[in-house]
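Chain by chain, the residues run as shown.
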Amino acid sequence: MRDVSLEDAIEELRAGRLVALPTETVYGLGADALQPDAVRAIFAVKGRPANHPLIVHLASAADLDAYVREVPAAARRLADVLWPGPLTLVLKRGDAVPLEVTGGLDTVALRVPAHPLALALIRGLGSPIAAPSANRFGKVSPTSAEHVRADLGDTDIALLDGGPSALGIESTIVDCSQGAPTVLRRGGVTREVLEDVLGAPIPEAADLSVRAPGMHPSHYAPRAMVIALEAGEIDAFVASSEPPYTLVARHPRALPSGARYLEMPSEPAGLARQLYGMLRELDARGETRIVMEVPPGQGLGWAIADRLARASAAR
Ligand code: TXA
Ligand code: MG
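Parameters and conventions
Residues numbered from 1 in each chain as written. Chains lettered and ligands numbered in written order. Predicted model: local features only at pLDDT ≥ 70, side-chain atom pairs only at ≥ 80, totals over all residues. Heavy atoms only, no water. Axes fitted to C-alpha atoms, helices over the stretch in contact; angles between N-to-C directions. Helix = DSSP H or I, 4+ residues; strand = E, 2+ residues; numbered from the N terminus. Parallel < 35°, antiparallel > 145°, perpendicular 65-115°, else oblique. Left-handed = near helix turned anticlockwise from the far one by under 90°. Contact = heavy atoms within 4.5 Å. Nonpolar A, V, L, I, M, F, W, Y, C, P; charged D, E, K, R; others polar. Salt bridge = Lys/Arg side-chain N within 4 Å of Asp/Glu carboxyl O. Pairing = 2+ DSSP bridges. Core = buried A, V, L, I, M, F, W, Y, C linked by side-chain atoms within 4.5 Å. Buried < 20%, exposed > 50% of the residue type's maximum accessible area, 1.4 Å probe, protein only. Domains from an automatic or database assignment. Buried area = accessible area lost by both parts, 1.4 Å probe.

### A closer look at the packing of helix α1 (residues 6-14) against helix α5 (residues 116-125)
Part 1 of the reasoning: One way to put it is that α1 packs onto α5 with a least axis distance of 9 Å and a crossing angle of 50°. Here α1 lies oblique to α5, going by the angle between them. Crossing geometry of α1 relative to α5 is assigned as right-handed. Two secondary-structure elements touch here, α1 through L6, A9, I10, L13 and R14 and α5 through L117, A120, L121, G124 and L125.
Part 2 of the reasoning: Split by residue class, the contact of α1 with α5 holds eight nonpolar, one polar and one charged.

### As for the pattern of salt bridges
Part 1 of the reasoning: Scanning all chains against the criterion turns up 24 salt bridges.
Part 2 of the reasoning: The salt bridge partner of E12 is R2, with a shortest N-O separation of 3.1 Å. Here R2 lies in strand β1 (residues 2-3) and E12 lies in helix α1, a separation of ten residues in the sequence.
Part 3 of the reasoning: Put simply, E100 and R40 hold a salt bridge, and the shortest N to O gap is 2.7 Å.

### Considerations on the sheet that holds strand β6 (residues 107-111)
Part 1 of the reasoning: In spatial order, the strands read β1-β8-β2-β3-β7-β4-β6-β5-β9-β10; together these ten strands make up an open sheet with mixed pairing. The open sheet has two free edges, formed respectively by β1 and β10 (182-185), since each of these has just one partner strand.
Part 2 of the reasoning: Sheet topology note: the strand β3 (residues 28-32)/strand β7 (residues 129-131) ladder contains two bridges and is antiparallel. For D32, the partnering residue across the bridge sits in β7 and is I129.
Part 3 of the reasoning: Of the strands in this sheet, β3 and β7 are in contact with helix α2 (residues 36-46), which crosses β3 at around 155°.

### Details of the nonpolar core
Part 1 of the reasoning: Judged by nonpolar contacts, the single largest core of 46 residues is most densely connected at L64, L78, W83, L87, L89, L110 and L194.
Part 2 of the reasoning: Contributing elements (two or more residues each) for this core: β3, α2, α3 (73-82), β5 (87-92), β6, α6 (145-152) and α7 (191-198).
Part 3 of the reasoning: With near-sequence residues (within four places) excluded, L78 lies in contact with W83, L87, L89, V174, C176, L194, V197 and L198.
Part 4 of the reasoning: Within the second largest apolar cluster, 29 residues are counted, among which are I169, L271, M292 and A303.

### Some remarks on the sheet that holds strand β11 (residues 225-229)
Part 1 of the reasoning: As summarised here, the arrangement of the four strands in space is β11-β14-β12-β13, forming an open sheet in which the pairing is parallel. One side of each edge strand has no neighbouring strand; the edge strands of this open sheet are β11 and β13 (259-263). For this sheet, the mean angle separating the axes of adjacent strands, direction not counted, is 20°.
Part 2 of the reasoning: For strand β12 (residues 245-249) and strand β14 (residues 289-293), the ladder comprises three bridges, and the chain directions are parallel. Its bridge partner being in β14, L247 is matched across the sheet by V291.
Part 3 of the reasoning: Each of β12, β13 and β14 is contacted by helix α10 (residues 268-284), which is oriented at about 165° to β14, the strand it contacts most.

### Looking at the domain arrangement of the protein
Part 1 of the reasoning: With domains assigned, the protein is organised as domain 1 (2-198) and domain 2 (225-311).
Part 2 of the reasoning: Using only C-alpha atoms to locate each centre, domain 1 and domain 2 end up separated by 29 Å.
Part 3 of the reasoning: Contacts between the two partners involve 28 residues from domain 1, matched on the other side by 14 residues from domain 2.
Part 4 of the reasoning: Summed over both sides, the interface of domain 1 with domain 2 buries roughly 1700 Å², with 59% coming from carbon and sulfur.
Part 5 of the reasoning: At the junction of domain 1 and domain 2, the tally comes to two salt bridges.
Part 6 of the reasoning: As a salt-bridge pair, D151 and R280 come within 2.9 Å of each other at their nearest N and O atoms.
Part 7 of the reasoning: Those elements that provide at least two residues to the side of domain 1 that touches domain 2 are α6, β10 and α7.
Part 8 of the reasoning: A breakdown of the residues in the side of domain 1 that touches domain 2 according to their chemical character gives ten nonpolar, eleven polar and seven charged.

Given below as structure tokens:
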């Protein structure tokens, strides 16, 4: 990888090359969304199947109309209130969006990231940026430039270092392409906030594998086995299970030798920020089993519980 300045990153994208870029959620692996060859390169580098659609990153909610066929009232309201921010809207694809971006789908996912460098990059390019998370296929998303280097260091892709991701978990994806909004992926915008903006409860889509291709549990799992437990289940696990494992929980326990303890931030925001870094770190240490306390389901706990459920279902 090559560390580049904002100006050089803009030139790279203009020339049809890829740039790893910071966002408030996780790092993205970006290409000019309007250059189909550049978009195809993303799939090649990630080892990602071509039918897994990408998110299109815009500089402003005002640009939305240029890339979709229609903007239903609920989508307009969500965009107006929550952009820039960790919310992705799925809408009917406008003709300006190449089919390479959407994996052939007639819908497109869009968001305005809340990161000054990402916004400056999109504005400087004068074109939206298509980007999946900047991890290799099958790794957890990168939340720092270091994570991106660990995954893509052997490529000559440009990296725009914007510091650690402030949020640390991916965007919430809301499908507004088929009538009433539904949640396709939990993320940085909480259910409470969505329902507050919409003034109505919002259901989660029933069959995610069909509605959002590429949401397989293994995409959110480290190499180590993850065992996700409610706080009240931890003592029974410790009493009955053979080490080695690392327990990640809010409060330390007396553990048998061979078991390690890692303190988990008790605030969901702190946990979201550190979660993927923690999982990567434990993988790097060669940990085989990670036992993790599931936080309460309100606020960001909603998305964190989802990622832990996916990580523990992966095998
Ligand atoms: O926070 C994020 O969303 C980050 C940053 C970089 O913006 N991006 C990210 O991208 O997490 P990725 O590619 O790892 O996940 C995008 C998800 C995929 O699960 C994909 O299925 C879904 O978005 N998606 C994209 N376009 C879609 C569409 N047209 N319909 C349904 N799901 C879509
Ligand atoms: Mg991803």
